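Below, each chain spelled out in residue letters.
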Amino acid sequence: MSGRRTYPLEVTDLGVRLDGREVLSGAAVSAAGGEWLAVVGPNGAGKSTLLKAMMGLLPHTGEVVAGGVRVRDLKPRERARLIAYAPQSPSLPPDMTVFDYTLLGRTPYIPYLGRESAADREIAGAVLERLDLAGFAARPLAHMSGGERQRVVLARALAQQAPVLLLDEPTTALDLGHQQQVLELVDRLRAGDGLTVVTTLHDLSLAGQYADALLLLADGRVVASGPPAQVLTEPLLARHFGARVRVDAEEDGRPLVRLLRPDDR
Amino acid sequence: MSAEPPRADPLCADSPRSDGVHHDLEPADPARGDSARGDSARADLAGADRVRADAGRAEAVEVVDQEGDGPGSSRSDARRSEARPSEARPSEAARSRPGRLRTVTLLVAVALLLASMAVGLLVGAADISPKGILFALLDRLPFVHLDSGLAPVDQGLLFQLRLPRVLLAALVGGLLAIAGAGYQGVFRNPLADPYLLGAAAGAGLSVTLVVVFLGGDAGVAIVPVAAFVGAVGGVLLAYAVGNTAGRGGGTATLVLAGVAVTSFLTAIQTFAQQLKLEELQRIYSWILGDVGGGWEQVWMIAPYVVVSTVVLLLHGRLLDVLSVGDEEAAGLGLRAGRVRFVVLLAASLATAAAVAVGGLIAFVGIVVPHVVRRLAGWSYRIVLPISFLGGGAFLVLADTVARTILAPAELPIGVVTAFVGAPFFVAVLRMTRRVGT
Ligand SMILES: Nc1ncnc2c1ncn2[C@@H]1O[C@H](COP(=O)(O)OP(=O)(O)OP(=O)(O)O)[C@@H](O)[C@H]1O
Ligand SMILES: [Mg+2]
């Protein structure tokens with residue numbers, strides 16, 4: 001056991017109203033320090049809303065406690081050093097270069113009127129290298145493919161060096177190899193640096209394969225949470241996704257979700 | 001709190017997560033395991049400030065080294081040597097600073113401004129020899145004594161008319177351009193201009209009221225003050241309306257508030273000027289712009305020039321951060337609302353100062369930042385300072401054209417800038433169509 005500090009995440013009774021509509025209510029989320037939690041659920045269930053509220057970007061009720069600190073009490077800069085967030089649909093300034101965009105992740109460490117230090121640039125460069133993007137450093141974001149952009153957004157979040165990582169659909173636009181690369185990287189960060197990771201993931205099998213715990217959201221409520229095998233069950237998926245699926249168990253007990261065709265039995 | 005992963009060791013070689021073909025990834029190496037990684041423990045957040053400590057940074061870089069080609073890597077030599085060339089990249093990327101102002105760019109812009117000012121001083125109705133002008137200017141420097149050979153009349157012309165006029169044109173152009181750049185940054189909209197939030201309408205109304213109700217010469221004396229107050233008032237009104245109307249205080253509401261306030265104030269102004277049609281020409285000649293106010297007006301706006309440009313120049317990096325939008329900027333730890341308020345305040349002050357002595361000169365605030373962006377770079381750390389210099393150069397040249405092309409008559413300077421600006425505006429619209437955000 002190393003003495004490294006990890007940052008458990010505890011969310012109680014989180015509620016968000018948008019346009020007078022209860023988009024999220026009574027959400028409880030709990031992730032041990034260094035754990036990977038995957039949030040799953042149908043479109044519009046409130047997954048992105050949950051992540052944004054946890055980051056403190058939406059007005060919400062309830063408490064978010066990370067590493068023993070109430071996130072609400074933190075100044076924005078302190079919060080950004082505790083939690084990094086990669087949005088589902090980030091807005092990418094078309095002319096900004098990949099390197100400068102990654103460097104934005106260092107914002108919480110730069111004094112208000114200060115400038116990036118050499119160390120900040122080192123870190124941004126190292127993160128790009130790690131995500132296989134070093135060759136793109138000088139490219140404008142507009143000249144990147146969808147999957148490359150998604151990795152650049154991840155790079156920005158990693159440059160933030162926060163112990164809690166919230167990633168909204170980090171793999172949707174990635175090819176198989178890069179999905180694996182990104183998920184493995186996140187997993188190594190989790191295991192190596194003790195990062196607490198919360199991702200939303202649409203691919204249920206991936207979620208079951210990588211996450212320690214799953215949280216199923218439907219209609220703004222948490223309807224199931226726990227180890228993958230307890231959440232990815234045929235009845236739950238049928239009920240909340242309206243999908244006919246078969247869930248097989250792998251040798252290690254992790255569930256594998258497969259769609260059923262009409263003539264499947 | 002146990003830091004142990006809650007299930008089987010994820011680094012175990014035959015776990016499905018660390019075997020198989022890794023696309024571009026060094027596989028997790030069981031030999032190194034957790035102890036090697038333990039070194040890279042996150043900095044303690046108890047004092048979040050300490051995360052910045054250099055130790056923390058060094059560790060982060062180190063993690064990469066471990067992953068990249070730490071000792072005991074199980075990769076084949078071929079793979080390792082392939083990885084070599086890329087090793088130089090992070091520091092290379094770190095050294096190249098694409099989004100930063102280069103000295104060359106700055107020097108070119110300064111040279112451009114000085115050249116345009118030289119043209120502005122040389123060209124005019126009266127013929128004054130260039131050598132005489134140069135010597136007369138140098139003669140004014142401390143410890144320099146030169147005989148310019150200029151007649152007293154020419155000396156007076158140079159120092160009381162042309163020099164203050166060129167300086168005022170440079171200041172007004174610089175202010176409008178840097179304010180335009182600031183507004184574009186705040187609104188994340190390349191078509192924002194310094195008059196967007198009601199500065200022009202406020203100043204226009206205020207000047208009209210003064211001219212109409214104080215009338216003639218009494219009114220003219222306080223026109224600059226009235227314009228300044230009106231411009232600031234217009235912006236404040238739009239800001240107040242925007243903040244009460246919009247729940248989140250977003251930029252879209254603010255723009256709409258600016259539109260509403262502008263048309264409201266313009267309506268009053270139109271009504272007021274109908275009351276005294278004989279003053280119409282006076283009002284219009286103010287609106288179309290003029291930078292012939294002399295030294296008095298140069299000194300009048302000097303403090304605002306200094307304050308607003310310094311504040312704006314200091315916010316270049318923050319405007320770059322803001323370009324990802326309020327929500328994401330907040331996620332990066334920036335108080336977007338505060339940055340926006342400070343930049344808007346400074347840009348509005350700059351606009352008010354420019355309007356006070358120059359009238360409602362059109363297009364400089366849009367045209368110049370765009371040219372700068374196309375030629376020098378996207379970052380506000382470039383766009384703000386270079387716009388200030390370039391805007392100054394542009395307006396000095398425009399004024400030179402305005403007062404010479406129909407000499408001895410003078411064309412209003414706003415006509416010249418709009419003549420160049422309007423076609424450019426269309427070009428900008430066409431160019432930004434592709435961006436689609
Ligand atoms: N700004 C907003 N104002 C009003 N309603 C919103 C807003 N943003 C999202 N919603 C609504 O809140 C609900 C949850 O949205 P959210 O983005 O959290 O869904 P999601 O689970 O992330 O879906 P997806 O899988 O499609 O990404 C949706 O019904 C959506 O229409
Ligand atoms: Mg979503």
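Just above sits the structure.
Please read all numbers here as calculations on a predicted model, not as lab measurements. (Residues numbered from 1 in each chain as written. Chains lettered and ligands numbered in written order. Predicted model: local features only at pLDDT ≥ 70, side-chain atom pairs only at ≥ 80, totals over all residues. Heavy atoms only, no water.)

Residue and element names in this part refer to chain A. Ser-48 (OG) and Gln-88 (OE1) make up the full set of protein donors to the magnesium ion (ligand 2), lying at 1.9 to 2.1 Å. Placement of Ser-48 in helix 1 (residues 47-54) and of Gln-88 in the loop between strand 6 (83-86) and helix 3 (98-103) is noted, with a sequence separation of 40 residues between them. Ser-48 gets classed as buried once you look at its relative accessible area, which sits at 19%. Assessed through its relative accessible area of 42%, Gln-88 is described here as partly exposed. (Donors = N, O, S within 2.8 Å, 3.2 Å for Na, K, Ca; no water. Helix = DSSP H or I, 4+ residues; strand = E, 2+ residues; numbered from the N terminus. Buried < 20%, exposed > 50% of the residue type's maximum accessible area, 1.4 Å probe, protein only.)

Residues and elements named next belong to chain B. Running from amino to carboxyl end, helix 13 (residues 294-314) crosses helix 16 (residues 336-358) at an angle of 160°, the nearest separation of the two axes being 9 Å. Judged by the inter-axis angle, helix 13 sits roughly antiparallel to helix 16. In terms of crossing hand, the pair formed by helix 13 and helix 16 is left-handed. From helix 13, Gln-297, Met-300, Ile-301, Tyr-304, Val-307, Ser-308, Val-311 and Leu-312 reach across to helix 16, where they touch Val-342, Val-343, Ala-346, Ala-347, Leu-349, Ala-350, Ala-353, Ala-356 and Val-357. (Axes fitted to C-alpha atoms, helices over the stretch in contact; angles between N-to-C directions. Parallel < 35°, antiparallel > 145°, perpendicular 65-115°, else oblique. Left-handed = near helix turned anticlockwise from the far one by under 90°. Contact = heavy atoms within 4.5 Å.)

All names here are of chain A. Taken in spatial order, the four strands of this open sheet run 2-1-4-5, and their pairing is antiparallel. If you trace the sheet from one side to the other, it starts and ends with strand 2 (21-31) and strand 5 (69-70), each paired once. Note: strand 1 (residues 9-18) against strand 4 (residues 61-66), five bridges, orientation antiparallel. Of the residues in strand 4, the one forming a bridge with Gly-15 is Thr-61. Set on the sheet, helix 1 makes contact with strand 1, strand 2 and strand 4; between it and strand 1 the angle comes to about 115°. (Pairing = 2+ DSSP bridges.)

Moving on: the site of ligand 1. All names here are of chain A. Lining the immediate surroundings of ligand 1 are 14 residues, of which Gly-44, Gly-46, Lys-47, Ser-48 and Thr-49 lie closest. In this structure, an oxygen atom belonging to ligand 1 sits 2.9 Å away from a side-chain N or O atom of Asn-43. At a separation of 3.0 Å, an oxygen atom of ligand 1 approaches a polar side-chain atom of Gln-88. In isolation ligand 1 has 630 Å² of accessible area, and contact with the protein removes 65% of it. Broken down by secondary-structure element, the contributors of at least two residues to the shell around ligand 1 are strand 2 and helix 1. A per-class count over the shell around ligand 1 returns four nonpolar, seven polar and three charged. (Near = heavy atom within 4 Å. Polar contact = N/O pair within 3.5 Å; in protein donor to acceptor, adjacent residues only side chain to side chain. Areas by Shrake-Rupley, 256 points an atom, 1.4 Å probe, with all protein chains shown as cover. Nonpolar A, V, L, I, M, F, W, Y, C, P; charged D, E, K, R; others polar.)

It is worth spelling out the pattern of salt bridges at this point. All chains considered together, the criterion is met by 17 salt bridges over all chains. Here A:Arg254 ties to A:Asp252 by a salt bridge, and the two come within 3.9 Å at their closest N and O atoms. Classification of A:Arg254 by relative accessible area gives buried; the value is 10%. For A:Asp252, a relative accessible area of 45% gives the class partly exposed. Note that B:Arg403 and B:Asp399 form a salt bridge whose closest N and O atoms lie 3.5 Å from each other. With a gap of four residues between them, B:Arg403 and B:Asp399 both fall in helix 18 (residues 380-404), about one helical turn apart. Note on B:Asp399: relative accessible area 2%, which makes it buried. (Salt bridge = Lys/Arg side-chain N within 4 Å of Asp/Glu carboxyl O.)

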